[in-house]
2 protein chains.
Amino acid sequence: MKYTAVKELFRHTSQYVNQEITVSGWIRSVRASKAFGFIVLNDGTFFENIQIVMDNTLDNFMEVSKLNVGSAIIVKGKFIETPDAKQPFEIQAASVTVEGASSPDYPLQKKRHTFEYLRTISHLRPRTNAFTAVFRVRSLVAQAIHEFFMSRGYVYVHTPILTGSDCEGAGEMFRVSTLDPNNLPKTEEGSIDYKKDFFGKETNLTVSGQLNVETYAMAFRNVYTFGPTFRAENSNTPRHAAEFWMIEPEMAFADIVDDMDVAEAMMKHIIRFVKDNAPEEMAFFNKFVDKGLIARLDNVLNNEFARITYTEAIDILEKSDEKFEFPVKWGIDLQTEHERYLTEKVYKKPVFVINYPKDIKAFYMKMNDDNKTVAAMDLLAPGVGEIIGGSQREDDYDKLVARMDEMGLEKEDYSWYLDTRKYGSVAHAGFGLGFERAIMYVTGMSNIRDVIPFPRTVNNCDI
Amino acid sequence: MKYTAVKELFRHTSQYVNQEITVSGWIRSVRASKAFGFIVLNDGTFFENIQIVMDNTLDNFMEVSKLNVGSAIIVKGKFIETPDAKQPFEIQAASVTVEGASSPDYPLQKKRHTFEYLRTISHLRPRTNAFTAVFRVRSLVAQAIHEFFMSRGYVYVHTPILTGSDCEGAGEMFRVSTLDPNNLPKTEEGSIDYKKDFFGKETNLTVSGQLNVETYAMAFRNVYTFGPTFRAENSNTPRHAAEFWMIEPEMAFADIVDDMDVAEAMMKHIIRFVKDNAPEEMAFFNKFVDKGLIARLDNVLNNEFARITYTEAIDILEKSDEKFEFPVKWGIDLQTEHERYLTEKVYKKPVFVINYPKDIKAFYMKMNDDNKTVAAMDLLAPGVGEIIGGSQREDDYDKLVARMDEMGLEKEDYSWYLDTRKYGSVAHAGFGLGFERAIMYVTGMSNIRDVIPFPRTVNNCDI
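How each quantity is defined
- Residues numbered from 1 in each chain as written.
- Chains lettered and ligands numbered in written order.
- Predicted model: local features only at pLDDT ≥ 70, side-chain atom pairs only at ≥ 80, totals over all residues.
- Heavy atoms only, no water.
- Helix = DSSP H or I, 4+ residues; strand = E, 2+ residues; numbered from the N terminus.
- Buried < 20%, exposed > 50% of the residue type's maximum accessible area, 1.4 Å probe, protein only.
- Contact = heavy atoms within 4.5 Å.
- Lys, Arg positive; Asp, Glu negative; His and termini not counted.
- Charge placed at Lys NZ, Arg CZ, Asp CG, Glu CD.
- Polar contact = N/O pair within 3.5 Å; in protein donor to acceptor, adjacent residues only side chain to side chain.
- Phe/Tyr/Trp six-rings, centres within 6.5 Å; stacked < 30°, edge-to-face > 60°.
- Lys NZ or Arg CZ within 6 Å of the ring centre and 35° of its normal.
- Buried area = accessible area lost by both parts, 1.4 Å probe.
- Salt bridge = Lys/Arg side-chain N within 4 Å of Asp/Glu carboxyl O.
- Nonpolar A, V, L, I, M, F, W, Y, C, P; charged D, E, K, R; others polar.
- Pairing = 2+ DSSP bridges.
- Axes fitted to C-alpha atoms, helices over the stretch in contact; angles between N-to-C directions.
- Parallel < 35°, antiparallel > 145°, perpendicular 65-115°, else oblique.

J.: Any details on the overall build of chain A? Residues and values, ideally.
T.: Of the regular secondary structure elements, chain A holds 13 helices and 16 strands. Dimensions along the principal axes, computed over C-alpha positions, put chain A at roughly 85 × 60 × 45 Å. Buried residues in chain A amount to 62% of all 463 residues. Look at the contacts in chain A between residues 6 or more apart in sequence, and 66% of them connect residues 24 or more apart. Counting 54 positive and 67 negative side-chain charges, chain A places the averaged centre of each group 6 Å from the other.

Here it is as structure tokens:
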């Protein structure tokens with residue numbers, strides 16, 4: 001369009017020196033005397049601001065001098081380098097047009113606000129330094145993930161959000177209905193008549209697209225989902241949201257080692273991509289949010305992830321001198337304290353733990369020859385604990401059915417899923433990456449509410 | 001991984017000639033005599049199949065000869081060119097390993113199936129030629145859209161799926177709740193006590209992310225959403241689904257002309273990208289699904305879209321000799337027959353129609369100086385009618401409030417939205433593209449159920 005982007009000025013400075021240009025954006029601050037003034041402007045295209053210099057020869061110098069923070073203006077002027085100043089360049093304004101003034105009650109005055117306060121104005125917080133950085137990085141992480149899979153020939157599959165089955169049994173689900181709750185239709189027996197509901201049956205919001213996408217892996221070989229998933233869990237923690245996005249790749253003709261290879265390459269690609277494409281934002285996080293961040297990410301990039309079995313992990317934990325709150329014993333689910341000990345104290349880098357006891361894992365995971373463990377795979381990362389969970393899937397029809405019987409699952413509900421094991425079954429594996437967990441990991445932000453534009457948690461569905 | 005992808009063999013044939021390679025995939029057909037046999041294999045990476053030649057020196061020649069369609073195998077052998085044959089090359093098998101046999105009741109035997117039948121086995125249909133083409137193109141259209149916006153510096157914003165407000169008032173919504181429908185909590189007055197629900201209030205599934213994403217355009221300038229949206233409309237048509245994906249870009253410091261420019265460039269980018277990246281699939285659609293497809297798409301690529309006002313459109317329609325079912329008169333909403341007449345008979349290319357009567361458009365659209373029309377923008381395309389709907393937004397606080405009063409909207413419900421007009425309001429514009437409509441447009445598929453992996457429509461929420 002007709003404006004020069006501030007990002008362009010920073011990235012290709014020399015092309016614009018001494019040129020007449022037009023920029024537009026929102027005022028971050030104004031300082032003015034009677035003779036001249038300085039405006040710090042952000043145009044939305046870039047993390048950094050640009051300085052505008054104006055003097056009282058401007059027709060509307062007084063009006064502009066008194067503008068509130070947040071006002072929108074259009075500036076024409078000369079772009080000049082300022083080698084002796086703090087900022088590398090500035091614009092000498094020939095004209096400043098007020099596009100939209102800002103009211104004096106603008107909540108984002110120059111002072112620093114707490115993340116807690118900014119959560120109450122989620123529609124305005126992307127205008128702050130911290131959240132402009134967070135949400136640009138969020139966008140870049142999404143781009144990195146799509147690029148990673150698309151460049152490797154994966155097919156992006158949109159698995160459904162509305163589902164008629166609670167397939168994974170993973171936690172509480174949200175019910176979806178168009179029935180009038182004040183006048184629910186009843187069957188002759190007196191129960192609710194879901195045949196009259198929109199879909200003719202009970203429906204919920206999805207908790208995972210994995211079972212659906214497995215059927216697509218049997219057609220396209222390598223596929224992935226990237227979409228919203230939901231948990232109606234009443235847990236008010238910094239790491240849980242009711243609505244979050246998840247990435248679930250699934251690879252055919254692949255085993256648990258291939259699964260780890262893909263997960264490791266993907267994590268490294270995300271980190272490299274964000275470091276390359278958002279150096280200013282990453283420097284900001286490293287300075288103001290999490291001082292060890294870049295060193296920790298570089299450590300991830302520069303090392304092969306450790307790979308151990310669950311049994312080895314238990315052995316290490318049992319032999320350690322660490323006092324754990326939760327006692328360690330073969331068969332337990334690893335707690336965050338155990339995960340962090342392994343990855344922060346023992347290996348000091350990300351660690352894959354594979355082959356977990358079957359009783360603490362899902363029905364679809366491949367039984368190992370020991371008949372005690374399944375080919376599950378969790379990726380633990382320093383600072384956060386589990387970041388990825390996955391497995392090789394049980395591809396043997398009879399073993400899968402036996403496991404379903406053992407766990408009391410109704411085979412009729414899964415007949416379509418069992419078809420994948422009946423018509424050309426192949427070794428296959430996949431994993432789930434919580435998108436917000438990944439963003440927290442690369443930004444150092446510690447509350448999931450601060451990496452989702454409009455977060456949904458218990459008692460919070462505003463805006 | 002350890003297998004050579006069939007796509008790789010087609011794209012870089014010369015590198016593999018006379019090499020020993022290993023491929024894996026699913027059998028599309030087997031023909032065998034006592035002495036030798038031919039297998040047509042699809043490995044999921046590519047639309048085209050590869051031919052395997054084997055003879056009875058293979059240990060398991062008899063077993064392999066009797067495999068059913070759909071069986072999964074791993075083939076080692078020599079890759080050789082076959083200049084005199086129908087297929088360009090084949091693999092002379094040294095070994096064939098059966099990874100997973102297929103049961104004789106496999107529903108996808110070699111004969112051709114109707115799309116209607118294939119809808120009943122949505123978990124298997126991506127294994128057919130038509131649906132492997134549809135769902136690979138679906139993935140490519142998504143990639144094209146992300147590339148288009150990301151390469152232009154747009155920030156991808158995930159607007160919420162769960163919403164506490166029916167902001168756009170666009171049709172029926174799905175209710176979301178965790179309350180036990182058999183035991184709904186009541187207030188003292190006897191109405192349902194939504195304070196006890198998960199979010200402490202009534203919540204629904206989103207119908208649009210536009211209002212939310214506008215707040216992000218005021219921070220990042222150029223933004224877009226790409227996520228699922230929902231309509232609980234009881235309409236059983238080939239063009240409506242209850243769950244579909246939508247793309248909603250929003251640009252700050254932009255007017256309705258910029259809006260049209262972005263929409264036109266985006267549509268052309270999508271078409272060019274799919275033609276470049278899926279030539280085999282597009283040739284298939286052009287041959288078997290819609291014979292005029294490629295000519296129509298080329299016509300779109302090679303022409304500037306027409307741009308007319310609603311008033312001009314009405315004038316053209318009134319002067320035409322065409323018999324319309326719905327009478328034409330200034331003030332009516334254009335019907336599909338009118339849209340198709342304009343784009344197919346008059347302009348023979350896509351047409352933007354702008355400046356619609358305010359009474360048939362949404363409250364947030366910018367009032368034009370005539371006080372009768374708003375800066376709405378619809379893109380009509382030959383063969384389908386409306387494919388994009390958008391507008392420049394009303395950026396004047398007072399005018400927006402007046403319009404909301406006129407339409408009886410509660411300002412308290414929109415206070416966060418009004419904030420964007422209070423703190424640095426700027427001219428801005430955006431539009432919505434139905435993702436599935438775009439896929440139907442580039443593939444020629446005529447039923448929305450056939451471009452969604454697991455479609456959700458009235459009485460249909462299977463798998």
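J.: Explain the side chain of T215 of chain A residue by residue, including any values.
T.: If you trace the backbone, T215 of chain A turns up in helix α5 (residues 210–220). What makes T215 of chain A buried here is its relative accessible area of 0%. From its side chain, T215 of chain A meets the backbone oxygen of N212 of chain A in a polar contact 2.7 Å long. Sequence-distant contacts of T215 of chain A, defined by excluding residues within four places in its chain, comprise W416 and T420 of chain A together with H123 and F454 of chain B.

J.: Go over the packing of aromatic side chains with me, naming the residues and quoting the values.
T.: As enumerated under the stated definition, the model contains 65 aromatic pairs over all chains in all. Pairing F226 of chain A with W245 of chain A gives two aromatic rings, centres 6.0 Å apart and planes at 80°, and the pair type is edge-to-face. Taken as a pair, F226 of chain A in strand β10 (residues 222–230) and W245 of chain A in strand β11 (residues 243–252) lie far apart in primary sequence, 19 residues in all. Each member of the pair, F226 of chain A as well as W245 of chain A, is classed as buried. Judged by centre distance (6.0 Å) and plane angle (70°), the rings of F284 of chain A and F285 of chain A are edge-to-face. Taking the relative accessible area as the measure of exposure, F284 of chain A reaches 13% and is therefore buried. Cation over ring: K361 of chain A sits above Y356 of chain A, and NZ or CZ is 4.3 Å from the ring centre. Over the aromatic face of Y417 of chain B sits the side chain of R421 of chain B, whose NZ or CZ is 4.4 Å from the ring centroid.

J.: Explain the interface of chain A and chain B to me, using residue names and the numbers behind them.
T.: Taken together, the contacts link 115 residues of chain A with 115 residues of chain B. Here chain A meets chain B over a buried area of about 9,000 Å², counting both sides, of which 62% is carbon and sulfur. Summed over the shared surface of chain A and chain B, the result is 6 salt bridges. K201 of chain A is paired through a salt bridge with D462 of chain B; the nearest N and O atoms lie 3.4 Å apart. Where chain A meets chain B, there are 46 residue pairs in polar contact (both at pLDDT 80 or more). With 10 residues, helix α4 (residues 129–151) of chain A is the largest single contributor of residues to the side of chain A that touches chain B. Taken together, the residues that form the side of chain A that touches chain B break down as 59 nonpolar, 35 polar and 21 charged. Bridge analysis of strand β8 (residues 175–177) of chain A against strand β8 (residues 175–177) of chain B gives 3 bridges, and the strand direction is antiparallel. Bridging across to β8 of chain B, V176 of chain A finds its partner in V176 of chain B.

J.: Summarise the packing of helix α8 (residues 293–301) of chain A against helix α13 (residues 435–443) of chain A; cite the residues concerned and give the values.
T.: All names here are of chain A. Relative to each other, α8 and α13 sit at 115°, their axes nearing to 8 Å. Regarding the angle of α8 to α13, the classification is roughly perpendicular. Mapping the contact onto sequence places L293, R296, L297 and V300 in α8 and Y441, V442 and T443 in α13.

J.: I'd like to hear about the sheet that holds strand β13 (residues 351–357) of chain B, residue by residue, with values.
T.: Residue and element names in this part refer to chain B. The strand order across the open sheet formed by 8 strands is β6-β10-β11-β16-β15-β14-β13-β12, and the pairing between neighbours is mixed. A strand with exactly one partner marks an edge of an open sheet, and here the two such strands are β6 (155–156) and β12 (306–309). With 5 bridges connecting them, strand β11 (residues 243–252) and strand β16 (residues 428–434) associate as antiparallel partners. Paired with M251 across the two strands is A429, which belongs to β16. The sheet strands contacting helix α4 (residues 129–151) are β6, β10 (222–230), β11 and β16, and the helix crosses β10 at an angle near 150°. Contacts from helix α10 (residues 336–346) reach β13, β14 (373–381) and β15 (385–392) within the one sheet, and its direction differs from that of β14 by about 65°.

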